[in-house]
Amino acid sequence: MRTLARTRAHFVTALAISAAFLVFPNLTQAAYGSVSTFLGRIYAGDGGTRTAALLDFPEDVEITSDGTFYIADTYNNVIRKVTPSGIVSTFAGTGEYGTQDGAGTRATFALPRGVARDSRGNLYVADSANNRIRKIAPGGTVSTLVRTGLKNPQGVVVSGSTLYIADTDANAIRKVPTNGGRLTTVSTQVRKPKKLTLTAAGNLYVADSGSYRVLEVNVRTGGATVIAGSGAAGYWEGVGSEARFRNIFGVTRDGNTLYVSDGDGLTDYVRAIDLTTRATRLVAQDSRMLEVNFPAGLRVYNGHVYVANAGISTIHRFNPSTELDKEQYIGSTRFGDVNGAASSVLLGRPSSMAITSDGATMYAIVNNHIRRITVATGATETIVGDIIDGYGEGSANQETPRVRFSSPASLVVSPDNAALYVADRWNNRIRKVDLTVTPVVTSLITGAGLTNSTGAMNNGYQEGGSCVTESLGQAGCAYFRGPQGIAISPDGTTLYVADSGNNRIRSVRISDGQTALIAGSTAGFADGTGSAAKFRAPSRLALSLDGATLYVADTGNHRIRAIALATGRVTTLVGSRQGHEEGQGVNASLSLPVGLAMGPDNLLYISSVGSNRVTVVNTATGLLTHVAGSSQRGYRNGTWLQARFNSLASLSLTPDGTTLYVADSWNDMIRKVDVVGGPKFSQAAPVYSRFLVPRLRQATSATQRAYLDIFGKNFRN
């Protein structure tokens, strides 16, 4: 595609233009901004047995008559296949986030959440984040069946030559012919429908998550009737509308029985509904996150119920008649969780890294664990943590209580490299990991109240000291709500915490856990001093090299804020709106900035999850420039404009300021960005292809204009 730019010039004397006088920049790319993979892979486990499979939040499963399983491996962005003999392979998808059709080995998906198979062996996929329905032929070739008209579809079911679709965010049930054609609406009498299954008469049973009910939808009239559920959230076994569900995720039918997946991630259920009496009963329950956790799609095969556990990345099998007959049928651990040499390392959702002052060792939060990584070789080992969310302090190898975290968001190394400090997000606590002993030992620095909570649970806000209690509102105790960011003073005596849920920035005295407000109050945006300032979901922090200024990724406001620690005065360093425009101060824009890393020469590096870009701002001038990332979600190494990321998290810079490490969370990787030499790029340089010189004459006045037509790309004015 060609872009035409017209350049205006004033001529006061005779002017001649020739190509010899046109000078264009050398566009050869330097190493600065180039991206490579340090550790991890998008997904793994092909060729192994079913119990060794590595799935990533799978949300649906389909089972053929011969016992072949097809799995919507949602966050791996692939469709997996498990043969009757238990061998795992990828049926379609590369693992990259995208919309590419074609051979299964080249096709791409974006969070596939639903699968269904027709009698001819075609597989239909609810490609949720692409708002599309994809069709996979028996040989693995992928095509797009529905390209437009859907909004986050999450469930599909086939009836003859018709595909029914749970159009979740549109609050509708749709249908389309399986061989292609017009998308039409079946019913709008649903709220957030998740999954579908057929009635004996060819109508639909719907897991209607928004109304906390199981509905029957007539495919001819669109009318909906309640099978079970009162319409209020909760758990209660009963008949019809007496029953209550917490969150209905999936539904499937076996004869005269419906099976439903339900729960909230803390306590989850597989439940059954007798279609004659409409009475509900419990099939399986789990509060330990071992067998049922965020259950989604279900299927029945040979008398057993198979459940896709999104929360623990397994397919579990249950005998609905015998409580003790159950099995972890497919899947090993949540995400990838493999240590060892760099070539074999698997990372599951890396969220934060910190590098020791000598640059030799990196510590990373991965899947509720803390790993120690040798920077020179990439070899890793887990030093503390457990895959299961929870709270426990003590030695890393103790059994009771197990040392556990609940989605820890970030960590920092003490200046003497003797300890780690962790913002343990859903435990609402700030914790210490003593690195001077083996095995390492954790302890509480400060924070009280709820453990293993969720964003919906309000742990409250209170300044205070360290208290060992899970009670709320206890006098003298410090309370956080989902802290995400942490930084440490140069002298190692004070921690700075982004208390995200409370929209405040706070300090913690390490010696006794006493907290104090630095800035912030209720959610909003305002510069000012102390409580007069406002933030909106601040996430990560970075401290200036002299320790005088604290920088805040003010994620919800799409800004980077600066706090003068001596006075508590908050100002805006860069950003004013959501976007990804380079510029100075408020003329630049960011999109959900989440990661910060302070470097030499006043350079503050920023990762933005909304744009999948890494940028850098000069804290002295406020000038924001591009470092790496094409803004397209996916996975790709290469130059600064070629590189792709998928849900960026934290950043960590080597002590010499030459290499930036990026937690590429949904790609399950830690990536490397070369930042040798400092910023070189803003936007892509103009490239010309040809130009036209008009016939020029001597100017007769200072206001006379002439035009030069230049053809090319990347012109902006």
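As shown above, the structure is provided for reference.
Let us look at the structure shown here. (Residues numbered from 1 in each chain as written. Predicted model: local features only at pLDDT ≥ 70, side-chain atom pairs only at ≥ 80, totals over all residues. Heavy atoms only, no water.)

Remarks on the nonpolar core
Of all hydrophobic cores here, the largest spans 18 residues; its most connected members are Tyr 605, Val 627, Phe 645, Leu 660, Val 673 and Val 675. Of all the elements in the fold, those that place two or more residues in this core are β47 (603-608), β48 (613-618), β49 (623-628), β50 (648-653) and β51 (659-664). Ranked by the residues each element gives to this core, the list is headed by β50, at three residues. Look past the residues within four positions of Phe 645 in its chain and what remains in contact with it is Val 35, Asn 612, Val 614, Ala 628, Gly 629, Gln 632, Arg 633, Gly 634, Val 662, Asp 664, Asn 667 and Arg 671. (Core = buried A, V, L, I, M, F, W, Y, C linked by side-chain atoms within 4.5 Å. Buried < 20%, exposed > 50% of the residue type's maximum accessible area, 1.4 Å probe, protein only. Helix = DSSP H or I, 4+ residues; strand = E, 2+ residues; numbered from the N terminus. Contact = heavy atoms within 4.5 Å.)

Here's the deal with the environment of Asn 612
With respect to the helices and strands, the residue Asn 612 is situated in the loop between β47 and β48. Given a relative accessible area of 2%, Asn 612 falls into the buried group. Beyond its immediate sequence surroundings of up to four residues, Asn 612 is in contact with Gly 629, Ser 631, Arg 633, Phe 645, Asn 646, Ser 647 and Leu 648. Engagement of the side chain of Asn 612 in a polar contact is seen with the backbone nitrogen of Ser 647, the distance being 3.0 Å. (Polar contact = N/O pair within 3.5 Å; in protein donor to acceptor, adjacent residues only side chain to side chain.)

Concerning the packing of aromatic side chains
Taken as a whole and judged by the stated rule, the model has nine aromatic pairs. Geometrically, the ring pair formed by Phe 38 and Tyr 661 is edge-to-face, given 5.0 Å between the ring centres and 65° between the ring planes. One end of the pair, Phe 38, is in strand β2 (residues 35-40); the other, Tyr 661, is in strand β51, and 623 residues separate them in sequence. Each member of the pair Phe 38 and Tyr 661 is classed as buried. Seen from their ring centres, Tyr 306 and Tyr 329 are 5.3 Å apart, and the 75° between their planes marks the pair as edge-to-face. With a gap of 23 residues between them, Tyr 306 in strand β24 (residues 304-309) and Tyr 329 in strand β26 (residues 322-330) connect regions that are remote in the sequence. (Phe/Tyr/Trp six-rings, centres within 6.5 Å; stacked < 30°, edge-to-face > 60°.)

A few points about the sheet that holds strand β11 (residues 153-159)
Within the open sheet, the four strands sit side by side as β11-β12-β13-β14. Their pairing is antiparallel. Among the strands making up the open sheet, the edge pair consists of β11 and β14 (184-187). Strand after strand, the sheet turns through a mean of 30° between neighbouring axes, direction not considered. (Pairing = 2+ DSSP bridges. Axes fitted to C-alpha atoms, helices over the stretch in contact; angles between N-to-C directions.)

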